[in-house]
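Results of the structural survey
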Amino acid sequence: MDYIQRKQMKLLVADGNPADSQQLQLYLGQKVNVISVLKGQQVLDILAQHPVDLLITADKLPDMTGFDLLRAVHEQAQYKNLPVIITTADHSQKTEAASAMAGAFDTIRKPFIPIVVVKKVEQVLELEYLNQNLTSEVRRQTQLAEDRLASSQRLYEETIMALAKTVDAKDRYTRGHSQRVATYAKFLAYRLGWSDEEQKRIYYMGLLHDIGKIGIPEAILRKTSRLTDEEYTVIKQHTIIGYNILNYVAEFPELKIGARWHHERYDGTGYPDGIKGDTIPVYARIIAVADTYDAMTSKRSYRDILPQDVVRKEITKASGQQLDPKYADIMILIIDSDKDYRLHEQ
């Protein structure tokens, strides 16, 4: 009963026998607020002024039957669902059936057995409390679930960002590269009319497209001179390494797509699998455009950021060979709208 007691629920007892009312007050008064009356009309008068959570009425009252009182109460709109328990000295099934037919929640037999009284009242009041507070409780639980989901989402995003920064930190000349590629890929998806959810997905793929470089020696990543054939073979392995790492992320199976296939070429001469055209996953084709654009608009050890007109010319040249023409054309539109040439490494 502690649960009910904390909620300060109100119980109204109607019984023409004061001794029976006193017993109910004794059993229940320490846990809930109990109001006792003798007649049915007194119940109706009280309900007109003060709502209660449960009515316990004897089957026979001085001025009416408990069944008549029950019907009179339930005829009132504000009390049509008020739970009512009938008390009776008649132990026949006929009385219990009549109580149920009249709409009573339950029946308690006289003489009262304290444990039975307490348990039945406790059950009714707990159900009534839950019914009264169902909407607010659902809202509260929904908010808790949303808060937990938001917290998990933040942790997920922060983890991905930390991994991306770890990769970029291995090469001082490409710091911020993963985040820029992710941003450009998301912008391309936006210009294509993709949903917010799809834009977010390709952004995450872009952030981790180079995660396989974790497994490449820094001496190769930071080399400022031309790579040897052997070194180039090693660095190409970052696509497979990244794919294998992200393959463990079961909740986001597409995440590995960008890592493995962002160096495939539209004409089929890329790596690691040499696939071409529409057989290259669409996410990878978009990330390839973003990756190519950032490579030209970022500083390198051997050159500065390329002029915008040169970048535009190179994207156009790569269309249909290295890059999917559809997404290369979208990148050209973005370049043409960037009048002040803001989209480059800052």
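Look a little higher up for the structure.
Notes on the structure follow. (Residues numbered from 1 in each chain as written. Predicted model: local features only at pLDDT ≥ 70, side-chain atom pairs only at ≥ 80, totals over all residues. Heavy atoms only, no water.)

**What about the overall build of the chain?**
Counted only if it meets this: Each helix is a run of DSSP H or I of at least 4 residues and each strand a run of E of at least 2, with the numbering of both proceeding from the N terminus. Put simply, the radius of gyration uses C-alpha atoms, and a globule should come to 2.2 Å times the residue count raised to 0.38. The rule is simple: take the accessible area with a 1.4 Å probe, protein chains only, and divide by the maximum for that residue type; under 20% is buried, over 50% is exposed, in between is partly exposed. Throughout, the Shrake-Rupley method with a 1.4 Å probe supplies accessible areas, and for residues the shown protein chains are the sole cover considered. Positive charges come from Lys and Arg, negative ones from Asp and Glu, while His and the chain ends are left out of the count. Charge positions are represented by NZ for Lys, CZ for Arg, CG for Asp and CD for Glu.
In terms of regular secondary structure, the chain is built from 16 helices and five strands. Rg of the C-alpha trace for the chain: 37 Å, well past the compact-globule value of 20 Å for 346 residues, more than 25% over. Counting all 346 residues of the chain, 42% fall into the buried class. About 18600 Å² of surface is accessible on the chain, with carbon and sulfur atoms providing 53% of the total. Side chains of the chain give 45 positive and 47 negative charges; the mean places of these two sets differ by 4 Å.

**Quick word on the sheet that holds strand β4 (residues 84-88)**
In plain terms, the rule: The pairing criterion is simple: DSSP has to find at least two bridges between the two strands. Axis geometry follows a simple rule: fit a line to the C-alpha atoms, using only the stretch in contact for helices, then measure angles between N-to-C directions, giving values from 0 to 180 degrees.
With respect to topology, five strands assemble into an open sheet ordered β2-β1-β3-β4-β5, the strand pairing being parallel. Edge positions in the open sheet fall to β2 (33-37) and β5 (106-109), since each of these has one partner strand only. Neighbour to neighbour, the strand axes of the sheet diverge by 20 degrees on average, direction disregarded. Relative to β2, strand β1 (residues 10-14) is paired through five bridges, and the arrangement is parallel.

**As for the side chain of H262**
How we decide: N or O atoms closer than or at 3.5 Å make up a polar contact, with two conditions inside protein: a donor-capable atom paired with an acceptor-capable one, and, for residues adjacent in sequence, both atoms drawn from side chains.
With respect to the element layout, H262 can be found in the loop between α13 (255-261) and α14 (282-296). Among the polar contacts listed, one links the side chain of H262 to the side chain of H238, at a separation of 3.4 Å. A polar side-chain atom of H262 sits 3.3 Å from a polar atom in the side chain of H263.

**Side note on the nonpolar core**
Nonpolar side chains in soluble globular proteins tend to be buried together. Our working definition: Take the buried Ala, Val, Leu, Ile, Met, Phe, Trp, Tyr and Cys residues and link them wherever side-chain atoms come within 4.5 Å; each set so joined is a nonpolar core. It only takes one pair of heavy atoms within 4.5 Å for two residues to be counted as in contact.
Judged by nonpolar contacts, the single largest core of 46 residues is most densely connected at L188, I315 and M331. Breaking this core down by element, the ones donating at least two residues are α7 (134-169), α8 (177-191), α9 (196-207), α12 (238-246), α13, α14, α15 (308-318) and α16 (325-337). Examining the composition of this core, we find that nine residues originate from one element, α14, more than from any other. Excluding anything up to four places from it in sequence, L188 contacts I286, V289, A290, Y327, I330, M331 and I334. Ranked by size, the runner-up nonpolar core spans 22 residues in total, among them V37, A58, L61 and F67.

**Here's the deal with the packing of α14 against α16**
Applied cut-off: Small angles under 35 degrees read as roughly parallel and large ones over 145 as roughly antiparallel, with 65 to 115 read as roughly perpendicular and the rest as oblique. In this scheme the crossing of two helices becomes right-handed for a clockwise turn of the near helix relative to the far one and left-handed for an anticlockwise turn of less than a right angle. Residues are grouped as follows: Ala, Val, Leu, Ile, Met, Phe, Trp, Tyr, Cys and Pro are nonpolar; Asp, Glu, Lys and Arg are charged; every other residue, Gly included, is polar.
Where α14 meets α16, the axes come as close as 10 Å, and the angle between the chain directions of the two elements is 40 degrees. In terms of their interaxial angle, α14 and α16 are classed as oblique. Classified by chirality, the crossing of α16 by α14 is right-handed. Residues V282, R285, I286, V289 and Y293 of α14 touch α16, and the partners they reach there are Y327, A328, M331 and I335. Class assignment for the residues of the contact of α14 with α16 results in eight nonpolar, no polar and one charged.

**Side note on the pairing of β4**
To be explicit about the condition: Note on handedness: a crossover is taken as right-handed if, strands pointing away from the viewer, the path from the first strand over the helix to the second is clockwise.
Counting buried positions along β4 gives five out of five residues, so the element sits mostly inside the fold. Pairing geometry for strand β3 (residues 54-58) and β4, over four bridges, is parallel. Of the residues in β4, the one forming a bridge with I56 is I85. Note that β4 and β5 share four bridges and pair parallel. Across the sheet, the residue bridging to I85 is D106, located in β5. One crossover worth recording links β4 to the parallel β5 by way of helix α5 (residues 93-102), and it is right-handed.

**Overview of the pattern of salt bridges**
Quick reminder of the rule: The term salt bridge refers to a pairing of a side-chain nitrogen on Lys or Arg with a carboxyl oxygen on Asp or Glu at a separation within 4 Å.
This model, assessed by the stated rule, comprises 16 salt bridges. Put simply, R109 and E96 hold a salt bridge, and the shortest N to O gap is 3.0 Å. Linking R109 in strand β5 with E96 in helix α5, this pair joins segments that are 13 residues apart in sequence. Using a relative accessible area of 32% as the deciding quantity, one classes E96 as partly exposed. Here D273 ties to R260 by a salt bridge, and the two come within 2.8 Å at their closest N and O atoms. You can see D273 sitting in the loop between α13 and α14 and its partner R260 sitting in helix α13, a full 13 residues away along the chain. One network of salt bridges, in which partners are shared, links D15, D20 and K110.

**Quick notes on helix α3 (residues 40-49)**
Rules: Here the arc refers to the set of directions running from the helix axis out to each C-beta atom.
Listed in full, the buried residues belonging to α3 are G40, V43, L44, I46 and L47. For α3, the angular spread of buried residues about the axis comes to 165 degrees, placing them on one side. Seen from the open side of α3, the exposed residues pointing more than 90 degrees away from its buried face are A48 and Q49. Among the structural elements, β1, β2, β3 and α4 (66-74) are those in contact with the buried residues of α3.

**A short note on the packing of aromatic side chains**
What counts, and what does not: Classification of ring pairs rests on two measures: the distance between centres of Phe, Tyr or Trp rings, Trp counted by its six-membered ring, which must be within 6.5 Å, and the angle between planes, read as stacked under 30 degrees, edge-to-face over 60 and tilted in between.
If you walk through the whole model with that rule in mind, you get seven aromatic pairs. Here the aromatic rings of F187 and Y190 are separated by 6.2 Å at their centres, their planes lie at 20 degrees, and the arrangement is stacked. Of this pair, F187 and Y190 both sit in helix α8, three residues apart, which is roughly one turn of that helix. Residue classification places Y190 among the exposed residues on the basis of a relative accessible area of 51%. The interplanar angle of 80 degrees and the centroid separation of 6.2 Å between the aromatic rings of Y232 and Y271 together place this pair among those described as edge-to-face. One end of the pair, Y232, is in helix α11 (residues 229-235); the other, Y271, is in the loop between α13 and α14, with 39 residues separating them in the sequence.

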